[in-house]
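Chain residues, written in single-letter form:
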Amino acid sequence: MEESLRFVKYYFPQYKLPEQFITFIAPMDAFAYSETGGSGEILTTFGIGAGLQLHLGKESMIYKSEAGLQLYPEYISRKFNAEEIPVNAMRVIIDDIYAPMKQGGNLLEIMIDHGKRMYLLDLFMPDEKEELKYGYTPVQLEAMKQNEGFVWNYFTENNLLYETDMLKIRSFVTDGPSTAEFGIGSPGYVSLYTGKQIVDAFMKKNPDTKLDQLLAMDAKKILAGSSYKPR
């Protein structure tokens with residue numbers, strides 16, 4: 001976490017870093033939502049807080065109990081390990097640096113917003129496991145890599161990129177055991193991966209773009225400048 005904070009300071013020198021790392025034990029339902037996933041981590045005026053009740057290890061009997069499963073299905077509790085704490089901490093810092101987008105965006109806007117956040121997470125944690133950053137299992141991550149073109153074609157062929165009806169796009173931009181449209185083996189939150197690939201493609205084609213420019217840039221402009229055409 002200290003190494004990641006040094007990267008935060010390097011890329012955003014004006015950002016005031018948290019001064020303390022605070023662990024606490026809260027009620028089991030103390031689950032905080034970030035723009036790219038929920039966790040037990042919060043950002044306070046004193047520092048970064050980590051709720052240890054949500055980091056007892058995915059095999060903890062507390063999570064596998066009837067009450068635990070009602071609160072947290074397995075696709076959520078499988079991420080309740082100690083190794084997720086630094087990633088979750090960086091997620092809440094990214095949300096502090098880059099304000100949440102307004103409600104009512106279309107699928108493309110939400111995906112690009114998620115992609116920008118994942119791009120920052122990569123900058124802050126360049127050596128972290130890829131699946132931890134996405135919150136996918138290794139199998140799900142590989143499925144996204146192998147089917148990147150299929151996912152993109154599904155969005156374009158079904159005219160979903162500019163769809164704003166959350167009932168039609170919710171499964172792509174939120175967490176879940178899988179994405180119903182893509183079947184078992186796919187992850188929830190496919191927007192994290194697809195959005196990140198578009199942002200990566202844009203930055204490779206436009207390497208002189210500064211981070212503040214990227215974060216302020218319109219989703220359509222990023223897509224157009226990326227020439228994103230996965231196979």
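So, here's what we can say about the structure. (Residues numbered from 1 in each chain as written. Predicted model: local features only at pLDDT ≥ 70, side-chain atom pairs only at ≥ 80, totals over all residues. Heavy atoms only, no water.)

This part is about the sheet that holds strand 1 (residues 20-24). Strand pairing in a sheet relies on backbone hydrogen bonds, with the paired strands running either antiparallel or parallel. Pairing within the open sheet is mixed, and its three strands lie in the order 1-5-4. Edge strands, defined here as strands with exactly one partner in the open sheet, are strand 1 and strand 4 (41-43). Each neighbouring strand pair of the sheet contributes to a mean axis angle of 20°, computed without reference to strand direction. In this sheet, strand 5 (residues 47-51) lies alongside strand 4 in antiparallel orientation, the contact comprising three bridges. When the sheet's bridge partners are listed, isoleucine 42 is paired in strand 5 with glycine 49. (Pairing = 2+ DSSP bridges. Helix = DSSP H or I, 4+ residues; strand = E, 2+ residues; numbered from the N terminus. Axes fitted to C-alpha atoms, helices over the stretch in contact; angles between N-to-C directions.)

Attention shifts here to the environment of arginine 6. Tracing the sequence through the fold places arginine 6 in helix 1 (residues 2-11). For arginine 6, a relative accessible area of 55% gives the class exposed. Linking arginine 6 and proline 138, residues 132 residues apart in sequence, is a C-alpha distance of 28 Å. (Buried < 20%, exposed > 50% of the residue type's maximum accessible area, 1.4 Å probe, protein only.)

Our next topic: the environment of alanine 224. Note on placement: alanine 224 falls in helix 13 (residues 219-226). Overall, alanine 224 belongs to the exposed group, its relative accessible area being 62%.

A word on helix 6 (residues 107-124). With 18 residues, helix 6 ought to run about 26 Å at 1.5 Å a step, and its terminal C-alpha atoms sit 26 Å apart, in line with that. Buried residues dominate helix 6, accounting for 16 of its 18 residues. (Expected span 1.5 Å × (residues − 1).)

This next bit is on helix 11 (residues 190-205). Residues separated by three or four positions in an α-helix point in the same direction, a consequence of the helix having 3.6 residues per turn. Taking 1.5 Å per residue as the helical rise, helix 11 with its 16 residues ought to reach 22 Å, and the 23 Å between its terminal C-alpha atoms agrees with that figure. Among the 16 residues in helix 11, 14 count as buried, and that is most of the element.

As enumerated under the stated definition, the model contains 18 aromatic pairs in all. Ring geometry for phenylalanine 31 and tyrosine 72: centres 5.4 Å apart, planes at 50°, overall tilted. Placement of the pair is phenylalanine 31 in the loop between strand 1 and strand 2 (32-34) and tyrosine 72 in the loop between helix 3 (66-71) and helix 4 (74-77), with a sequence separation of 41 residues. Overall, tyrosine 72 belongs to the buried group, its relative accessible area being 4%. A centroid spacing of 5.0 Å and a plane angle of 80° characterise the contact between phenylalanine 155 and phenylalanine 172, whose relative ring orientation is edge-to-face. With a gap of 17 residues between them, phenylalanine 155 in helix 9 (residues 148-157) and phenylalanine 172 in helix 10 (residues 166-173) connect regions that are remote in the sequence. Its relative accessible area of 0% is what places phenylalanine 155 among the buried residues. An aromatic cluster is defined as three or more aromatic residues linked by ring pairs; in this entry it consists of Phe31, Tyr33, Tyr63, Tyr72 and Phe80. (Phe/Tyr/Trp six-rings, centres within 6.5 Å; stacked < 30°, edge-to-face > 60°.)

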